[in-house]
Number of protein chains: 2
Amino acid sequence: MRNLLVLSLALNLSLITRVFFDGEKHGLFFSVENQKQRGPSFAADKEAHATQKTLQSLSSSSQEGTEKVINLDHGDPTMYEKYWMMMGERTTVVIPGWYSMSYFSDIKNLCWFLEPEFAKQVIRLHKAVGNAVTEGRHIVVGTGSSQLILAALFALSPKDGSEPMSVVSTAPFYSSYPVMSNYLKSGLYNWAGDARSFNKEGPYIEFVTSPNNPDGFVRHSMVNRTGGILVHDLAYYWPQYTPIPSPADHDLSLFTVSKATGHAGTRIGWALVKDAEVAKKMIKFIELNTIGVSRDSQLRAAKILEVLTNTTEKHGSSDSGESFFEKSYHLMAERWRLLRAAVNNGRMFSLPDFAPGFCHFLQQETQPQPAFAWLKCEDDAVEDCESFLRGHKILTRGGRHFGVSPKYVRISMLDRDINFILFLKRLSKIQS
Amino acid sequence: MRNLLVLSLALNLSLITRVFFDGEKHGLFFSVENQKQRGPSFAADKEAHATQKTLQSLSSSSQEGTEKVINLDHGDPTMYEKYWMMMGERTTVVIPGWYSMSYFSDIKNLCWFLEPEFAKQVIRLHKAVGNAVTEGRHIVVGTGSSQLILAALFALSPKDGSEPMSVVSTAPFYSSYPVMSNYLKSGLYNWAGDARSFNKEGPYIEFVTSPNNPDGFVRHSMVNRTGGILVHDLAYYWPQYTPIPSPADHDLSLFTVSKATGHAGTRIGWALVKDAEVAKKMIKFIELNTIGVSRDSQLRAAKILEVLTNTTEKHGSSDSGESFFEKSYHLMAERWRLLRAAVNNGRMFSLPDFAPGFCHFLQQETQPQPAFAWLKCEDDAVEDCESFLRGHKILTRGGRHFGVSPKYVRISMLDRDINFILFLKRLSKIQS
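Nothing here was measured: the structure is a model prediction, and the numbers come from that model.

A.B. asks: Please clarify how the relation of the copies chain B and chain A should be interpreted in this entry.
C.D. replies: One copy of the chain maps onto the second through a rotation about an axis and a displacement along it. Taken as rigid bodies, chain B and chain A are interconverted by a rotation of 180° and an axial shift of 0.0 Å, the fit giving an RMSD of 0.0 Å. Those values place the two copies in the arrangement expected of a two-fold rotation axis. Comparing contact sets, 100% of the residues at the interface of chain B also lie at the interface in chain A, consistent with an isologous, same-surface contact.

Pasting the structure below:
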């Protein structure tokens, strides 16, 4: 591991140097110092000035990187690496070879593979952020929230139904819902399409993704009739992406560290489940699927959530410059400001408009600034926006995957600075 | 994590003290010193003498622990903790907070979520042990071999078949195969029972588990006709459990760290796959199931396999006292000797008899000494051996789960010393 680290540190050194150099050049990146001066009340005219300067610098800069393919198809949250680098050793985990070897984390818990420390930090985090009620809930840990989506489908479908349970979500919906519902041709459940047009009698499962992937809007159930079971996918219900008006209080909510902290490679998600019977069936699914969830990953996730919550509790104090959510909020705000400025420089593209809301966590009115940009090609000559952008070496995910027109694409806003800047450059160049 | 470690170390101290004390008392445990003297050629009369002494000490010892339920239902490999404790910090992993955050481990690899270091150590290990051909194979990493079993079912079933593909294995078969094949009521595959009596026309998937779980015998395909696709589950094909005559050379073989090194909580397995198209489909399954495999766990597993292989390469040298496989082989040999002595003390139980074989790794003839004891209740009055032993506070898994008579039970041989000794005491007491 030490060798690996030395190698990795060497490899990363060049990247870090480049990222920071690039960052200074464009004035795009937060640092502890800058952030303290800025704060949530950063004046609008200063912002406009900075945006203008950055855009000028983008269009006047050299042709550097024009050959590079920018992959913004996946929501790979590498943007957050820099924050955790700045936090130094505080989130470093040390796991001895003889540690956590057993399958079992906590045999007294319904969820026997849940690390008690991870559960503790999940509860602490939700309490600090105020984005979910954890009282009266069973925590079920999963190998990412993907596994929990499948566990929920298994748990909520009757085992002896005469036909598969319908699974719906409002378009544009997360592109994985249809394929996850159908790839095993399960007799328990199958994909029934857009919740708006769903009119079949009988029970169904509705995924309510809020804020929504891909378009970022706040969502509520669309079918909303008897016999429906709701699964709230709250992967993006965090202050950097959307105002937090109140704690979510649903029967079954899903979260994931990938989008909360950026640790996608750790593959850890969690469900808050009201009904013990549903929780038991989800646990059974995970037993049969992977015999529990990596304990190492849970320990690492616990450490990261612990440090994150520590910085969050300092929120508003003199140490607030370290707050993960404040810093990430400002970074997302700056990215969205730059993206909107680039898009508004021409007429080829458009972005959704969001209504601001009061965020009880940040104690101010904030704008939604989603993890994905839901871009529309407004040009009549462009039928397929994904193909069009691919021609400019920008990989995105087209509207058809989300059940809507190919005029739309979903673009990750969470990539490393260097790719985000290249993306803005290309967008500016396309419109110039 | 440091707090966690301090807490854990404190908690474990009492356990370690107890285990080592208990160990010295019964002369059951290896230490680097003892092992060097013993070696594979330990004289048979010395063994018999030691066994006799231990059994005497068991039956004459106090009633300590008679109330404790011993859970030997699962194959939880906690026996190996002590070896990794002895290895000290060599297998400690240190993972900084900013490390391996991306979903992607290696975008150039077919298996984009496979850590290159893990792949490297898998190849090195198989080469050192000589238990599998890795040349011309794609390595697919999974969240334990359970996920790879499901991935193989998905990959090997036609997507447009008129009916589900039959899945078979020879009884007694791994108890999870039927339920894993059926729990999602998949239209792609379903369980078709004992391979011996399978006579349906058309294609099928046969799981060949060798050495077999639960009974420990070496296995070959039983159906063996055209249209069959074999999946070799080689979780136990390691020198501590069975002689290694030659490297396995199959189309699709599965391995797991749980049984190789004892790190069950890490949830890492791997498949060696000949056909790139099959590998691609398995990778697709894991994408849809969990979007890859925890990178933290792969890094930890890589470190453990690296150290393990280092000790293995020293095999035969003056440092061979550290060899994981040698030490584990001797520990299993001692446990099996004690178990057979306890069983042979009466007429209530019997165990399978195995033919010895030449182990090319240990360079000597060795006995199979499986990870599970496949115990039969020979007493006519006992119809259900699982219930009978439960009455004596020993939890096991009954034959019905494995497709055979309830006169049989599967008993884990991999628990901590303290539980294994208690189990022997109870068995002796039942027969006395």
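A.B. asks: What exactly am I supposed to notice about the sheet that holds strand β15 (residues 397-398) of chain B here?
C.D. replies: Sheet strands associate in pairs through backbone hydrogen bonding, adopting either a parallel or an antiparallel arrangement. Residue and element names in this part refer to chain B. With antiparallel pairing, four strands are arranged side by side in an open sheet as β10-β13-β16-β15. If you trace the sheet from one side to the other, it starts and ends with β10 (349-350) and β15, each paired once. Of the strands in this sheet, β10 and β13 (372-377) touch helix α11 (residues 324-344), which is tilted by about 5° from β13.

A.B. asks: Can you walk me through helix α6 (residues 144-156) of chain A in this structure?
C.D. replies: Here α6(A) is 13 residues long and its end C-alpha atoms lie 19 Å apart, about the 18 Å a rise of 1.5 Å per residue gives. In terms of burial, α6(A) is largely enclosed, as 13 of its 13 residues are buried.

A.B. asks: Which parts of the structure should I look at to understand the sheet that holds strand β5 (residues 189-194) of chain A?
C.D. replies: Residue and element names in this part refer to chain A. With mixed pairing, the seven strands of this open sheet are ordered in space as β3-β9-β8-β7-β6-β4-β5. The two strands at the open ends of the sheet, each matched to only one other strand, are β3 (138-142) and β5. Looking at each pair of strands side by side, their axes are set apart by 25° on average, direction ignored. One ladder, built from six bridges, connects strand β6 (residues 204-209) with strand β7 (residues 228-233); its direction is parallel. Residue pairing for β7: T209 is matched across the bridge by D233. Running at roughly 20° to β3, helix α9 (residues 276-290) makes contact with β3, β8 (252-256) and β9 (269-273) of the sheet.

A.B. asks: Just checking my understanding: could you explain the packing of aromatic side chains for this structure?
C.D. replies: Think of a pair of aromatic rings as described by two things: how far the centres are apart, and how the planes are tilted against each other in angle. Scanning the entire structure with this criterion turns up 58 aromatic pairs over all chains. Ring geometry for B:F173 versus B:W191: centroids 4.9 Å apart, planes at 70°, classification edge-to-face. You can see B:F173 sitting in the loop between β4 (165-169) and α7 (176-182) and its partner B:W191 sitting in strand β5 (residues 189-194), a full 18 residues away along the chain. Using a relative accessible area of 6% as the deciding quantity, one classes B:F173 as buried. Relative accessible area serves as the criterion here: at 18%, B:W191 is assigned to the buried category. Aromatic pair B:Y236 and B:Y241: ring centres 5.8 Å apart, planes at 70°, arrangement edge-to-face. Accessibility classification places B:Y236 together with B:Y241 in one group, the buried group. The positively charged end of A:K159 is found above the aromatic ring belonging to A:F154, 4.5 Å away from the centroid.

A.B. asks: Would you mind showing me how to read helix α13 (residues 417-431) of chain A here?
C.D. replies: Given 3.6 residues per turn, any residue in an α-helix points the same way as the ones three and four places further on. Across its 15 residues, α13(A) extends 21 Å between first and last C-alpha, which sits within 8% of the 21 Å expected from 1.5 Å per residue. Counting buried positions along α13(A) gives 14 out of 15 residues, so the element sits mostly inside the fold.

A.B. asks: In this structure, what is going on with unusual backbone geometry? I would like to understand it.
C.D. replies: Negative phi is the rule for most residues except glycine; trans is the rule for most peptide bonds. Cis geometry marks the peptide bond from B:S210 to B:P211; its omega dihedral reads -5°. As for its placement among the helices and strands, B:P211 is situated in the loop between β6 (204-209) and β7 (228-233). A cis amide bond links B:N213 to the next residue, B:P214, at an omega of 25°. The phi angle at A:I291 is positive, at roughly 45°, despite the residue not being glycine. For A:I291, a relative accessible area of 19% gives the class buried. In this model, A:K393 sits at a positive phi of 60°, which is unusual for a non-glycine residue.

How each quantity is defined
- Residues numbered from 1 in each chain as written.
- Chains lettered and ligands numbered in written order.
- Predicted model: local features only at pLDDT ≥ 70, side-chain atom pairs only at ≥ 80, totals over all residues.
- Heavy atoms only, no water.
- Least-squares fit on C-alpha atoms with pLDDT ≥ 70 in both.
- Contact = heavy atoms within 4.5 Å.
- Pairing = 2+ DSSP bridges.
- Helix = DSSP H or I, 4+ residues; strand = E, 2+ residues; numbered from the N terminus.
- Axes fitted to C-alpha atoms, helices over the stretch in contact; angles between N-to-C directions.
- Expected span 1.5 Å × (residues − 1).
- Buried < 20%, exposed > 50% of the residue type's maximum accessible area, 1.4 Å probe, protein only.
- Phe/Tyr/Trp six-rings, centres within 6.5 Å; stacked < 30°, edge-to-face > 60°.
- Lys NZ or Arg CZ within 6 Å of the ring centre and 35° of its normal.

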